[in-house]
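# Analysis of the macromolecular model
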Amino acid sequence: MHIPTLLAALIPATAAYTKLSDSSLKSLPSPGSDFDIKTGALLSPLLTVRVPGTPGIAAVQAHFVTFFQTHLPSWKLSFQNSTQPTALGRPLPFVNIVATRDPPWAKQGDVGRLALVAHYDSKIDPPGFIGATDSAAPCAMILHAARSVDAALTRKWEAMKSAGQTGSLEGEKGVQIILLDGEEAFLNWSDEDSLYGARALAASWEQATNPAMSTFRTPLSEISLFLLLDLLGSRNPSVPSYFKTTHWAYQNMASAETRLRALKLFKSSPNHPSRKKAPAKNSKGGAPAREAREPKFLPEANKKDTATWLGGLIQDDHIPFMAKGVEVLHMIPDPFPTVWHRIDDDGAHLDGATVEDWALLVTAFAAEWLDLEGYLAAKPVMKREVGGEGEAEVVMGGTETDARPEPVEVQGRSELSNF
Ligand SMILES: [Zn+2]
C-alpha cells in the first residue's frame, strides 16, 4: 500500500505502534557487563566529573563519538555548538550531540522520529559530583537501546526495500539520540541559569527549515515523541504519567514493563529467578511459594483523564521543546532519588539491576515504537556454503548485540557537522 506524503502528514505518528511478541521481548539484549561501574564499556567512562567546558566533559564527548563511530556507523552524528554567557560570569561552550537513523530512502524533512534524550553534563557543585543518576546512567541506557535496535532497523528497512514498500507512511519513521549539554545550573536554577544546551538546540531547530513540500517544516517538528530520561538508576523508582497528551505512550511503556516482569526479565524484581531463595529443607513441595508483590516503575497506566497531570511542573530539558509544541514523555521519578544533587550520586550508589531494567524497558519501547516485531530475534541470517548444496542456515546464538550482521546498507555515513 502506498500512502502519499500529503495523506501521511494527516495521520498522527502514533498510528502505528506494534507490541513485541514474547519471544522478541526475550531476545532483547541485556547490557550486562557493559554497565559495570568500573569496567563497563558503556557506563564507566560516563562516571566522571562532566562540567561544561572542562577536560572531563570533553573526554565524555569523545566516548560518545567513539561509540557511534565504532558500533553504529549507520547513524548520522551531528553536533550543535553554542557559546553562551553563564551565571559564572564567563561564557562557556556547550555541545549537544545528536545521532540520527532514518530509512535510507527517506528525504530530508519527511521522517518523524522517536527522540531518546538525556543530559550528559554534571553539576559543578558539590566539587567532585558525578551525577550517576543525573544523568550518566540514563545516557548509557540510551546508548544501549540504540545499539539494540540498530540491526533490526537495518533488517526491517532492507525487507521493505525488497518489497517495494519505500515511500509508505511506515517508511517514514526514524530514531534519534539527543545527548544534551548544560542542563544543570551553575549557581541557582533559573530560566537563564539552566538548560543551556536544550534551549540552544530547540531554538536552532525551530529556525532551521526543511525543503518546501517536506512532511515536517522544521527539524523540531520531526520529533514525534521526546522521550526524556533523567534521575534514573536508584532502586524502586516510581515515575508518574505527567502528560495527558502522551499518556498513550506512557501506557505502552507500562505495558512493556508488565510483560517484561511477567517474563521474569526484570533483574530488580523480587521474583527474578536470581533472587529466588532455595526451598526450605523440610519443605514437602505442594503449592509453590507465593510470589512477592511485583513493584512497578510506571504505576499510573490506569490514570483517569480527570486526574492531576503534573507535566511541566518539573523543570527539565523538555521545557524549551515543549514550549515549541513538541510532545514529551518524561521518565523522571517522583520522588527524586535520595542521592539527588548529593555527592553520593555516584556509581557505587546506583542499583545495577535497576539500571539494566531501565535499559531493557527503553529498548523494548523503542522497538515497539519502530515496529520491529519480526526483525529483532537473531534470525538464521548467517549463510554459508555447505558441500555444494548451496546455502545452509546457521542459527546464531547469543544476543542481538553480539550477533549483529554487517549493516546491509550504510546510510548517511557518520559525518560530523554543526546544525
Ligand atoms: Zn541535576
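Residues numbered from 1 in each chain as written. Predicted model: local features only at pLDDT ≥ 70, side-chain atom pairs only at ≥ 80, totals over all residues. Heavy atoms only, no water.

### Digging into the overall build of the protein chain
Applied cut-off: The numbering of helices and of strands both runs from the N terminus, where a helix is a DSSP run of H or I of at least 4 residues and a strand a run of E of at least 2. Only protein chains enter the accessibility calculation, which uses a 1.4 Å probe. A residue is then buried if its area is under 20% of the maximum for its type, exposed if over 50%, and partly exposed in between. Should any heavy atoms of two residues lie within 4.5 Å, those residues are considered in contact. Note on areas: these come from Shrake-Rupley sampling with a 1.4 Å probe, and a residue is covered only by the protein chains present in the view.
Each helix and strand counted, the protein chain has 8 helices and 8 strands in total. Here the protein chain holds 419 residues, and the buried ones make up 51% of them. Counting only contacts in the protein chain whose residues sit at least 6 apart along the sequence, the fraction spanning at least 24 positions is 77%. For the protein chain, the exposed surface amounts to about 18,500 Å²; the carbon and sulfur share of it is 55%.

### Structural notes on the sheet that holds strand 3 (residues 112-119)
Just so we agree on the cut-off: Two strands qualify as a pair provided that DSSP identifies no fewer than 2 bridges between them. Interaxial angle, 0 to 180 degrees, is taken between N-to-C directions of lines fitted to C-alpha atoms, where a helix line uses only the stretch in contact.
In space, the 6 strands of this open sheet follow the order 1-2-4-3-5-6, with mixed pairing throughout. Whereas interior strands pair on both sides, the edge strands pair on one side only; in this sheet they are strand 1 (76-85) and strand 6 (328-331). Averaged over all pairs of adjacent strands, the angle between strand axes in this sheet comes to 20°, irrespective of strand direction. Pairing of strand 5 (residues 223-229) with strand 6 involves 4 bridges; the strand directions are parallel. Across the sheet, the residue bridging to L227 is L329, located in strand 6. In the packing of helix 6 (residues 247-262) onto the sheet, the strands contacted are strand 5 and strand 6, and the crossing angle to strand 6 comes to about 40°. Sheet contacts for helix 8 (residues 352-369): strand 3, strand 4 (173-180), strand 5 and strand 6; angle to strand 3, the most-contacted strand, approximately 165°.

### A few points about the coordination of the zinc ion
Applicable threshold: Donor selection uses N, O and S atoms within 2.8 Å of the metal (3.2 Å for Na, K and Ca). Since no water is included, sites may look incomplete. Every angle between 85 and 135 degrees makes a four-donor site tetrahedral, while opposite donors more than 155 degrees apart, with all other angles between 65 and 115, make a four-donor site square planar and a six-donor site octahedral; other sites are irregular.
Summarising the metal site, the zinc ion is bound by the protein donors D134 (OD), E184 (OE), E184 (OE) and H341 (NE2), whose distances to it range over 1.9 to 2.7 Å. Bound by 4 donor atoms, the zinc ion shows angles of 52 to 137° at the metal and therefore irregular coordination geometry. Spacing between the donor residues of the zinc ion along the chain follows D-x49-E-x156-H. Taken together, the residues span a long stretch of sequence, with D134 in helix 4 (residues 132-162) and H341 in the loop between strand 6 and helix 8 at a distance of 207 residues. Under the relative-accessibility criterion, D134 is labelled buried at 2%. When its relative accessible area of 21% is taken as the criterion, H341 is described as partly exposed.

### A short note on the packing of helix 3 (residues 55-71) against helix 4
Rules: Angle categories: roughly parallel below 35 degrees, roughly antiparallel above 145, roughly perpendicular from 65 to 115, and oblique for all the rest.
For the pair helix 3 and helix 4, interaxial distance at closest approach is 11 Å and the crossing angle is 10°. With respect to their mutual orientation, helix 3 and helix 4 come out roughly parallel. Touching H63, F64, F67, F68 and H71 of helix 3 are C139, L143, R147 and D150, all from helix 4.

### Describing the packing of aromatic side chains
Which entries qualify depends on this criterion: Each aromatic pair joins two rings of Phe, Tyr and Trp (for Trp, the six-membered one) with centres within 6.5 Å, and gets the label stacked for planes under 30 degrees apart, edge-to-face for over 60, and tilted for any other angle. Whether a charge sits over a ring depends on NZ of Lys or CZ of Arg being within 6 Å of the ring centre and within 35 degrees of the ring normal.
Across all of its chains, the model carries 11 aromatic pairs by this definition. Relative to F186, the ring of F94 has its centre 6.4 Å away and its plane inclined at 55°; by these criteria the two rings are tilted. With F94 in strand 2 (residues 91-101) and F186 in the loop between strand 4 and helix 5 (196-207), the pair connects residues that are 92 residues apart, well separated along the chain. Each member of the pair, F94 together with F186, is buried. By way of ring pairs, the aromatic residues F67, F68 and W75 are connected into one cluster. Between R261 and the ring centre of F297, over which it is positioned, the NZ or CZ distance is 5.0 Å. The ring of W309 carries K303 above its face, with NZ or CZ at 4.5 Å from the centroid.

### Some details on helix 6
To keep things clear, this is the line we draw: Expected span of a helix, by definition, is 1.5 Å for each gap between consecutive residues, and there is one gap fewer than residues.
Compared with an ideal rise of 1.5 Å per residue, which puts 16 residues at 22 Å, helix 6 spans 22 Å between its outermost C-alpha atoms and is within 8% of the ideal. Remark: K264 follows helix 6 within two positions and exhibits a positive phi of approximately 65°.

### Quick notes on the nonpolar core
Here is the rule: In this text, buried Ala, Val, Leu, Ile, Met, Phe, Trp, Tyr and Cys residues form a nonpolar core when linked through side-chain atoms within 4.5 Å.
The biggest cluster of nonpolar side chains holds 100 residues, and the ones touching the most others in it are F68, L298, M331 and F365. With 15 residues, the single largest contributor to this core is helix 4. Non-local contacts of L298, meaning those with residues more than four positions away in its chain, are made with V239, Y250, M253, A254, E257, M331, W358 and L361. Counting residues in each nonpolar core, the second largest holds 5 residues, with V51, F94, F186 and Y196 among its members.

### Looking at the packing of helix 4 against helix 8
Inclusion rule: It is the rotation of the near helix from the far one that decides the hand of a crossing: anticlockwise by less than a right angle makes it left-handed, clockwise makes it right-handed. Polar here means any residue other than Ala, Val, Leu, Ile, Met, Phe, Trp, Tyr, Cys and Pro, which are nonpolar, and Asp, Glu, Lys and Arg, which are charged; Gly is therefore polar.
At a minimum axis separation of 8 Å, helix 4 and helix 8 run at an interaxial angle of 45°. In terms of their interaxial angle, helix 4 and helix 8 are classed as oblique. Every pair of crossing elements has a handedness; the one defined by helix 4 and helix 8 is right-handed. Residue-level inspection shows A137, M141, H144, A145, S148 and V149 of helix 4 in contact with helix 8, the latter providing V355, W358, A359, V362, T363, A366 and A367. By residue class, the composition of the contact of helix 4 with helix 8 is 10 nonpolar, 3 polar and no charged.

### With respect to helix 5
For helix 5, which comprises 12 residues, the first-to-last C-alpha distance of 17 Å matches the rise-based estimate of 16 Å (1.5 Å per residue) to within 8%. Residues of helix 5 that are buried: Y196, G197, A198, A200, L201, A202, S204 and W205.

### A short note on the pattern of salt bridges
Oppositely charged side chains are able to pair whenever their charged atoms sit close together. The following threshold applies: Salt bridges are identified by distance alone: a Lys or Arg side-chain nitrogen within 4 Å of an Asp or Glu carboxyl oxygen.
Applying the stated criterion across every chain, the model contains 15 salt bridges. One salt bridge connects R261 with E257, and the closest N-O pair in it is separated by 2.8 Å. On the criterion of helical spacing, the pair formed by R261 and E257 is a turn pair, its members being 4 residues apart in helix 6. On the basis of relative accessible area, R261 is assigned to the buried category, the value being 5%. Since its relative accessible area comes to 1%, E257 is described here as buried.

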